[in-house]
Amino acid sequence: LLRSSQPLTGPNRRRCREDEKLLGTILDEGERAFVLDTRSAQAAKQARMSGGGTEPKSSYPQWRRLHRPLERGRPLQESFIKLVEACSDPSLGMDRWLGRLESSRWLSHVKAALSTACLAAQCLEREGSKVLVHGAEGTDTTLLVTALAQVILDPSCRTLEGFQGLLEREWIEAGHPFHLRCARSASSHARGKQEAPLFLLFLDCVWQLSRQFPFSLEFGEQLLLTLFDNAYASAFGTFLCNNEKERSLCKVKESTHSLWAWLNQPEEKHKYLNPLYSHNSLVIWPSVEPQSIQLWQGLFLRWIRPSQHLDEAWAEIQRLVEEN
C-alpha cells in the first residue's frame, strides 16, 4: 500500500520519468496494480489542464486508475458545521432531526471514506495487487484511506500501541496540516479557508469499526474522544504544526511533552483499553450499507446527552472482566 504526495506528472504536463521508473520497479513483469485516486475524474482532468495531477495511461501501462472522490475542504467543513448545529438544537422533533441529519451529509462522508478504504483493502487482500493512493496534495484524503485500510487489514494497527504508531506514521510524519485543518474549535461557526475535519472523519470511521467489531480493537471510544480533543486543543505537542519541518524549526519535541507518553502511563492507559478485546488475526470487513453507518453519539451528542449511566455500565464491564 503506497501513497502519493506529488502529482505523477510534472509542470506543463511533462512526463516524470523518475516516477515512471519508481512505479515500474515495484512491479514484476506482467503484474497489474491499481492507482486509487481520491479525486473525481473531472477534478483530475481539470488538474491536468492546469499542468499536472493525473497519470497518462500510456506511461503507466501496468497500473489501472480507479476514481473514488472524497471531499476534503470546504464541503466537508460545511457538512460538519451543519451536523453540529443539528446536534446542538434540543427543540428538534423527530422529522426535523432526521431531515437535518440527512441534509448535513456527514454520514455520507463516513460511508464514502469507509467504502474507499475497503476498496484499497480488497485490492491488496483479495486481488493480491499493489495499490497507490493518490490525491490532490497527498496530506488529506490520501492519509485517510491508507490509515483506514491498515486498520481493516492489520491486527497490529488495532492495538493501542499499534494505533498510536499508525497515527504517528500516517498522519503526523506524513504531513497532515493539523494547524491549518484544526485552527479553531471544531464546533466554531468560523469558516477558515483551509479548515476541514479530515482527522475527525478518520476517528469517526474507526469508531464505526469498533462498533461493528466490538472485540477486535484493543482501545475504546475514550481514546478516540481524547484524540479528537487534543487535535484541536492540547497541552501536548503531538499535533502541533503542519509538518515535520515546522516541528523541527519550532523544536516541538524538545520543548513539549508527547501525548503518547502520557497515554501510556499505567495509571492512564487502563482508561483507554477495551475490556472486551480479544486478538483477531482476521481482516475486519465493515458493512458500508446505509443502515450500518450510525451517528457517533458519544462525540456529537456528548454535551447534550448525559453519559453517567453509560460510563457506569462501562466501568462495571471492566470490573467483571478483571475479576474473571
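Remember, it's a predicted structure, so these values are computed and weren't measured experimentally.

The next point concerns the overall build of the protein chain. Summing up its helical and strand segments, the protein chain has 16 helices and four strands in all. For the protein chain, the C-alpha radius of gyration of 21 Å lies close to 20 Å, the compact-globule estimate for 324 residues. Every one of the 324 residues in the protein chain was classed for burial, and the buried ones make up 48%. Residue pairs in contact within the protein chain that sit at least 24 positions apart in sequence constitute 79% of those at least 6 positions apart. Taking the average location of the 39 positive side-chain charges in the protein chain and that of its 39 negative ones, the two points are 9 Å from each other.

Given a rise of 1.5 Å per residue, 13 residues ought to cover 18 Å, and the 17 Å separating the end C-alpha atoms of helix α7 (residues 160-172) matches this to within 8%. Counting buried residues along α7, 10 of its 13 residues qualify, which places the element largely inside the surrounding structure. Burial in α7 covers these residues: L160, G162, F163, Q164, L166, L167, E168, E170, W171 and I172.

Further remarks concern the nonpolar core. Of all hydrophobic cores here, the largest spans 76 residues; its most connected members are F163, F199, F202, L227 and F300. With near-sequence residues (within four places) excluded, F163 lies in contact with V151, S156, C157, F202, V206, F219, L223, L224 and L227. V35, Y60, W63 and L132 belong to the second-largest nonpolar core, a separate cluster that totals seven residues.

Further remarks concern the sheet that holds strand β3 (residues 63-67). A sheet is described by the order of its strands in space; here four strands give the open sequence β1-β4-β2-β3, paired in parallel fashion. Every other strand in the sheet has two partners, leaving β1 (2-4) and β3 as the edge strands with one partner each. The mean angle between the axes of side-by-side strands here comes to 25°, regardless of whether they run parallel or antiparallel. Of the pairings in the sheet, the one linking strand β2 (residues 33-37) to strand β4 (residues 131-134) comprises four bridges and is parallel in character. The residue of β4 that forms the bridge with L36 is V133.

The next subject is the packing of aromatic side chains. For the structure on display, the rule yields 15 aromatic pairs. Measuring from centroid to centroid gives 5.4 Å for F228 and Y232, while their planes differ by 55°, and the two rings are tilted. Here the residue F228 and the residue Y232 both occupy positions in helix α10 (residues 221-232), the gap between them amounting to four residues, near one helical turn. In this structure F228 comes out as buried when scored by relative accessible area, which is 7%. Take Y232: its relative accessible area is 18%, and that puts it in the buried class. Note on F236 and W262: the rings are 5.4 Å apart at their centroids and 35° apart in plane angle, and the pair reads as tilted. Of the two residues, F236 is situated in the loop between α10 and α11 (244-249) and W262 in helix α13 (residues 259-263); the sequence distance between them amounts to 26 residues. Under the relative-accessibility criterion, W262 is labelled partly exposed at 28%. Members of the aromatic cluster, connected to one another through ring pairs, are F163, W171, F178, F199, F202, F219, F239 and W260.

This next bit is on the packing of α7 against helix α9 (residues 198-212). At a minimum axis separation of 13 Å, α7 and α9 run at an interaxial angle of 150°. One element, α7, and the other, α9, form an angle in the roughly antiparallel class. Taken as a pair, α7 and α9 cross one another with a handedness that is right-handed. Side by side, α7 and α9 meet where F163, L166, L167 and W171 of the first sit next to L198, F199, F202 and V206 of the second.

Definitions and limits used
- Sequence order as written defines the numbering, with residues in each chain counted from 1.
- Local features in this predicted model are restricted to residues whose pLDDT is 70 or higher, and side-chain atom pairs enter the listing and the counts only when it is 80 or higher, whereas totals over whole chains, interfaces and linings include all residues.
- Side-chain measures were taken over the full set of non-hydrogen atoms in the model, leaving aside hydrogen atoms and water.
- Counting from the N terminus, the helices are DSSP H or I runs at least four residues long and the strands are E runs at least two residues long.
- Two things to know: the radius of gyration comes from C-alpha atoms, and the globule rule equals 2.2 Å times the number of residues to the power 0.38.
- Relative accessible area decides the class of each residue, using a 1.4 Å probe on protein chains only: under 20% of the type maximum gives buried, over 50% gives exposed, and in between gives partly exposed.
- Note on contacts: a residue pair qualifies if any of its non-hydrogen atoms lie within 4.5 Å across the two residues.
- Here the positive residues are Lys and Arg and the negative ones are Asp and Glu; neither His nor the chain ends is included.
- Lysine's charge is taken at NZ, arginine's at CZ, aspartate's at CG and glutamate's at CD.
- Between the first and last residue of a helix there are one fewer steps than residues, each counted as 1.5 Å, and that sum is the expected span.
- Here, the term nonpolar core denotes a set of buried Ala, Val, Leu, Ile, Met, Phe, Trp, Tyr and Cys residues that are joined through side-chain atoms within 4.5 Å.
- Here the rule is simple: two strands pair whenever DSSP picks up at least two bridges between them.
- Angles run from 0 to 180 degrees between N-to-C directions of axes, and those axes are lines fitted to C-alpha atoms, restricted for helices to the stretch in contact.
- The rule is short: rings of Phe, Tyr and Trp, with Trp giving its six-membered ring, pair when the centres are within 6.5 Å, and they are stacked under 30 degrees, edge-to-face over 60, tilted in between.
- Working definition: roughly parallel below 35 degrees, roughly antiparallel above 145 degrees, roughly perpendicular at 65 to 115 degrees, and oblique for all remaining angles.
- In this scheme, a crossing is called left-handed if the near helix is turned counterclockwise away from the far one by less than a right angle; it is called right-handed if the turn is clockwise.

Everything listed here is a matter of coordinates, which is why it stays silent on function.
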